[in-house]
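Chain residues, written in single-letter form:
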Amino acid sequence: MRNVNVIGESNARERDDSRCEKPLCALIILLQSPNQPEQEPFRLMLRFDINLSMTLIDVPFLDRFQRAADLGFGAVEFFWPNDDNLDNVVAAKKAAGVEVVLLNMKAGDAARGDRGLLSSPSHQAWWRDAFLEAIDLCERIGCPRIHAVAGNRLPAYERSAQIDCAVENLTA
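What counts and how
Residues numbered from 1 in each chain as written. Predicted model: local features only at pLDDT ≥ 70, side-chain atom pairs only at ≥ 80, totals over all residues. Heavy atoms only, no water. Helix = DSSP H or I, 4+ residues; strand = E, 2+ residues; numbered from the N terminus. Areas by Shrake-Rupley, 256 points an atom, 1.4 Å probe, with all protein chains shown as cover. Phe/Tyr/Trp six-rings, centres within 6.5 Å; stacked < 30°, edge-to-face > 60°. Buried < 20%, exposed > 50% of the residue type's maximum accessible area, 1.4 Å probe, protein only. Core = buried A, V, L, I, M, F, W, Y, C linked by side-chain atoms within 4.5 Å. pLDDT = per-residue confidence, 0-100. Contact = heavy atoms within 4.5 Å. Salt bridge = Lys/Arg side-chain N within 4 Å of Asp/Glu carboxyl O. Right-handed = clockwise from strand over helix to strand, strands pointing away. Pairing = 2+ DSSP bridges. Arc of directions from axis to C-beta. Axes fitted to C-alpha atoms, helices over the stretch in contact; angles between N-to-C directions. Parallel < 35°, antiparallel > 145°, perpendicular 65-115°, else oblique. Left-handed = near helix turned anticlockwise from the far one by under 90°. Nonpolar A, V, L, I, M, F, W, Y, C, P; charged D, E, K, R; others polar.

Undergrad: What exactly am I supposed to notice about the overall build of the chain here?
TA: Scanning the chain from terminus to terminus reveals four helices and six strands. Mapped from its N terminus to its C terminus, the chain presents α and β elements in the order β-β-β-α-β-α-β-α-β-α. If you sum the accessible surface of the chain, you get close to 10,300 Å²; carbon and sulfur atoms cover 53% of it.

This is the structure in structure tokens:
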């Protein structure tokens with residue numbers, strides 16, 4: 001059994017929603033299996049990773065793992081690899097010898113305007129399937145964190161309903 005810790009707006013339910021103009025926040029889910037040590041305490045030394053989805057775009061996605069390693073990065077992060085076979089993603093990561101420190105799970109259809117579906121009541125089943133798929137990939141690549149994008153404010157729902165949906169998705 002894994003422990004799931006949610007990093008994000010922990011006081012979202014306590015705030016006066018009518019005064020809050022901020023969009024729903026993104027949540028980062030920290031996966032920790034029982035055989036992993038607790039997270040390291042804060043260190044003064046900063047470590048940087050490179051986002052393979054937003055950089056090194058002059059080469060195909062799978063080649064970016066090795067390119068990042070060649071540039072001296074020991075850690076990477078990336079958005080969900082929509083166009084790539086996940087077995088190939090796992091192989092590219094292993095071949096490059098980099099650590100994956102963050103994976104953005106599927107966030108819906110960007111062309112349609114989706115920016116995450118964690119808080120969309122009409123997409124709960126889709127989100128749960130995507131979450132399980134993200135957990136599976138994270139286990140395969142040794143990634144301890146999933147970025148679950150909460151999504152846009154949806155005019156059809158009250159903000160509190162979207163927050164309740166996100167909490168339900170994360171605790172179900």
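Undergrad: Explain the packing of aromatic side chains here, please?
TA: Geometry of an aromatic ring pair is reported as the spacing of the ring centres plus the angle between the planes. Counted by the stated rule, this structure contains four aromatic pairs. Here Phe61 and Phe65 contribute two aromatic rings whose centre-to-centre distance is 5.5 Å and whose plane-to-plane angle is 80°, an arrangement assigned as edge-to-face. With Phe61 and Phe65 both in helix H1 (residues 61–70) and four residues apart, this pair spans about one turn of that helix. Using a relative accessible area of 0% as the deciding quantity, one classes Phe65 as buried. Members of the aromatic cluster, joined through ring pairs, are Phe61, Phe65 and Phe78.

Undergrad: Is there a simple way to explain unusual backbone geometry in this structure?
TA: Glycine aside, the phi torsion of most residues is negative, and most peptide linkages are trans. Non-glycine residue Leu56 carries a positive phi angle of around 55°. One can find Leu56 in the loop between strand S3 (50–51) and H1.

Undergrad: Quick question: what am I supposed to make of the nonpolar core here?
TA: Inside soluble globular proteins, nonpolar side chains tend to come together where they are buried. Counting 34 residues, the largest nonpolar core has Leu52, Phe65, Val76, Phe78, Leu103, Met105 and Trp127 as the members making the most contacts within it. Taken together, the elements giving at least two residues each to this core come down to H1, strand S4 (75–78), helix H2 (86–96), strand S5 (99–104), helix H3 (124–141), strand S6 (145–148) and helix H4 (159–171). Looking at which element gives the most residues to this core, the answer is H3, with eight residues.

Undergrad: Looking at this model, I keep getting lost on the confidence of the model for the chain. Mind explaining?
TA: Atom-level detail of predicted coordinates should not be read off regions where pLDDT is low. Confidence in the prediction of the chain, expressed as mean pLDDT, is 81, and 73% of residues score 70 or more. Per-element mean pLDDT across the chain ranges from 48 in strand S1 (residues 3–7) up to 97 in H1. Here residues 1–28 is modelled with pLDDT under 50, and outside its nearest four sequence neighbours on either side it reaches 65 contacts, counting other chains as well.

Undergrad: What is the right way to look at the pattern of salt bridges in this model?
TA: Opposite charge on two side chains permits pairing when their charged atoms draw close. Scanning the entire structure with this criterion turns up five salt bridges. The salt bridge partner of Arg140 is Asp87, with a shortest N-O separation of 2.4 Å. On the criterion of sequence distance, the pair formed by Arg140 in helix H3 and Asp87 in helix H2 is long-range, its members being 53 residues apart. Residue classification places Arg140 among the partly exposed positions, given a relative accessible area of 33%.

Undergrad: Is there a simple way to explain the pairing of S4 in this structure?
TA: Side chains on a regular strand alternate between the two faces of the sheet. Burial along S4 is two-sided: the face carrying Ala75 and Glu77 and the face carrying Val76 and Phe78 are both buried. Handedness of the crossover joining S3 and S4 through H1 is recorded here as right-handed. Where S4 meets S5, four bridges bridge the pair, whose relative direction is parallel. By the bridge assignment, Ala75 is partnered in S5 with Glu99.

Undergrad: Please clarify how H1 should be interpreted in this entry.
TA: Since the α-helix turns once every 3.6 residues, residues separated by three or four places project in the same direction. Among the residues of H1, those classed as buried are Phe61, Arg64, Phe65 and Ala68. Along H1, the residues classed as buried sweep out an arc of 110° about the axis, all on the same side. Elements that come into contact with the buried residues of H1 comprise S3, S4, H2 and S5.

Undergrad: In this structure, what is going on with the packing of H3 against H4? I would like to understand it.
TA: Geometry of a packed helix pair, given as the angle between the helix axes and the separation of the axes. At their nearest, the axes of H3 and H4 sit 10 Å apart, and the two run at 40° to each other. In this view, H3 runs oblique relative to H4, as classed from their interaxial angle. Every pair of crossing elements has a handedness; the one defined by H3 and H4 is right-handed. On H4, the residues touching Gln124, Trp127 and Arg128 of H3 are Cys165, Glu168, Asn169 and Leu170. Its residues placed into classes, the contact of H3 with H4 shows three nonpolar, two polar and two charged.

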